[in-house]
Amino acid sequence: MPAVYDKFAANYDRAFAPLERLGLRRWRQEVIDLLPTNANILEIGCGAGANFEFYPECKRSVSSEISIRMLEIAETKRRENHLIQADAQSLPFGVDEFDAAFATLVFCSIPEPTLAFKELKRVIKPGGRIVLLEHVRPEGILGPVFDLINKATLALADDHFNRETAKLAADSGLKIVEVRKKLGTIVNLIVCEV
Ligand SMILES: C[S@@+](CC[C@H](N)C(=O)[O-])C[C@H]1O[C@@H](n2cnc3c(N)ncnc32)[C@H](O)[C@@H]1O
């Protein structure tokens, strides 16, 4: 069955270019800077490979993604990292296979995020770090606005615009080390530990 992002792949980089200039590139670097170096690193939902240029020195880096069309574009940007088609809710890796994992703008589109967190807990070593950059349901008056927008994004792209990702991670048994709030509270950089 085709993944939702198959139909966005060809235009993804062009559509995101203004956001990259507005600060997304800087936040991508910030996410990577929170990962250990010379370690086994897993990225989930790597999309068209926007993070590849920021990858740290790794023992082994694996970039996973559910959409084959996104992976085809990611392949053109590949460096030392290995690419693999995989659903974050059912990862094809062994117990404790990685030292750390990260994802940027992915948990909004995973149907069952708690399954993905369960999988991350399985494949990341105890004490290992998971770093997420996600748009979330903002605090205050914008919260109900995002609830409304969510109806449209769900219909158009199966995107959960108002996810409370840090809470879902904590409810899934991950330790929340830090939440850095960006764009007011619209974007969260979430640092968790297994
Ligand atoms: C908004 S894009 C972000 C892509 C990339 N991480 C970035 O920062 O540009 C969301 C990505 O998550 C992927 N995705 C959605 N559900 C997924 C799942 N269950 N498992 C793995 N990847 C998934 C989509 O195919 C898409 O490439």
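Just so it is clear, the structure is predicted and the values come from calculations on it, not from any experiment.

Cut-offs applied
- The residue count restarts for each chain, going from 1 along the sequence in the order it is written.
- In keeping with the model being predicted, local features are shown solely for residues with a pLDDT of at least 70 and side-chain atom pairs are shown and tallied solely at 80 or more, while totals for entire chains, interfaces and linings include all residues.
- Only hydrogens and water are removed before side-chain values are computed, so all heavy atoms of the structure are retained for them.
- Runs of E in the DSSP output that reach at least two residues are strands. Runs of H or I that reach at least four are helices, and both are numbered from the N terminus.
- Pairing of N or O atoms within 3.5 Å defines a polar contact, subject to two protein rules: one partner must be a possible hydrogen donor and the other a possible acceptor, and residues neighboring in sequence count only if both atoms are side-chain atoms.
- Contacts were defined at the residue level, with two residues in contact if any of their heavy atoms lie within 4.5 Å.
- In this analysis, the expected span of each helix is defined as 1.5 Å times one less than the number of residues it contains.
- For every residue, the accessible area obtained with a 1.4 Å probe (protein chains only) is divided by the maximum for its type, and the residue is called buried under 20%, exposed over 50%, and partly exposed between those limits.
- Nine residue types can take part in a nonpolar core, namely buried Ala, Val, Leu, Ile, Met, Phe, Trp, Tyr and Cys, and a core is a set of them joined through side-chain atoms within 4.5 Å.
- A molecule or strand has a residue near it when one of that residue's heavy atoms lies within 4 Å.
- The accessible surface values rely on the Shrake-Rupley method and a 1.4 Å probe; as for residues, cover is taken only from the protein chains in view.
- Polarity classes work like this: nonpolar for Ala, Val, Leu, Ile, Met, Phe, Trp, Tyr, Cys and Pro, charged for Asp, Glu, Lys and Arg, and polar for all others, with Gly in that last group.

(A) Focus on the side chain of Asp99. Within the secondary structure layout, Asp99 lies in strand 4 (residues 98-104). Within the local environment of Asp99, its side chain forms a polar contact with the backbone nitrogen of Asn40, the two atoms lying 2.6 Å apart. Look past the residues within four positions of Asp99 in its chain and what remains in contact with it is Ala39, Asn40, Ile124, Lys125, Gly128 and Arg129.

(B) Fine view of helix 1 (residues 9-33). The end-to-end C-alpha distance of helix 1, which contains 25 residues, comes to just 27 Å, noticeably less than the 36 Å that a straight helix rising 1.5 Å per residue would cover. All buried positions along helix 1 are accounted for by Ala9, Tyr12, Phe16, Glu20, Gly23, Leu24, Trp27, Arg28, Glu30, Val31 and Ile32. Along its buried surface, helix 1 packs onto helix 2 (68-75), strand 4, strand 5 (124-135), strand 6 (175-182) and strand 7 (187-193).

(C) Focus on unusual backbone geometry. For Asp96, which is not glycine, the phi dihedral falls at a positive 55 degrees. Tracing the chain through its elements places Asp96 in the loop between strand 3 (82-85) and strand 4. With a phi close to 60 degrees, Leu105 is a non-glycine residue in the positive phi region. Inspection of the secondary structure assignment puts Leu105 in the loop between strand 4 and helix 3 (113-123).

(D) Focus on the environment of Leu148. In this fold, Leu148 is placed in helix 4 (residues 142-157). On the basis of relative accessibility, which here comes to 58%, the residue Leu148 falls in the exposed class. Note: C-alpha distance between Leu148 and Asn162 (14 residues apart in sequence) is 8.9 Å.

(E) A look at the environment of Asp87. Inspection of the secondary structure assignment puts Asp87 in the loop between strand 3 and strand 4. In the structure, Asp87 is positioned 22 residues away from Glu65 in sequence and 6.7 Å away in space, judged by C-alpha atoms. Only 2.9 Å separates the side chain of Asp87 from the backbone nitrogen of Gln89, close enough to count as a polar contact.

(F) Representation of the nonpolar core within the structure. Judged by nonpolar contacts, the single largest core of 26 residues is most densely connected at Leu35, Phe102, Val131, Leu133 and Leu189. Sorting the residues of this core by element identifies helix 1, strand 1 (39-43), helix 2, strand 4, strand 5 and strand 7 as the ones contributing at least two each. Residue contributions to this core peak at seven residues, all from helix 1. Setting aside residues no more than four positions away along its own chain, Leu133 makes contact with Leu24, Trp27, Val31, Ala103, Thr104, Leu105, Val187, Asn188 and Leu189. Ala88, Ala101, Ala103 and Ile124 belong to the second-largest nonpolar core, a separate cluster that totals 24 residues.

(G) Fine view of the site of the ligand. Around the ligand lies a shell of 20 residues, among which Tyr12, Arg28, Gly45, Glu65 and Thr104 are the nearest. Note that an oxygen atom of the ligand is positioned 2.8 Å from one of the side-chain N or O atoms of Tyr12. A distance of 2.6 Å is found between an oxygen atom of the ligand and a side-chain nitrogen or oxygen belonging to Thr104. When isolated, the ligand has an accessible area of 590 Å², and the protein chains bury 97% of it. Of the residues in the shell around the ligand, the class split is 11 nonpolar, six polar and three charged.

Take it as geometry only, folks, not as evidence of what the structure does.
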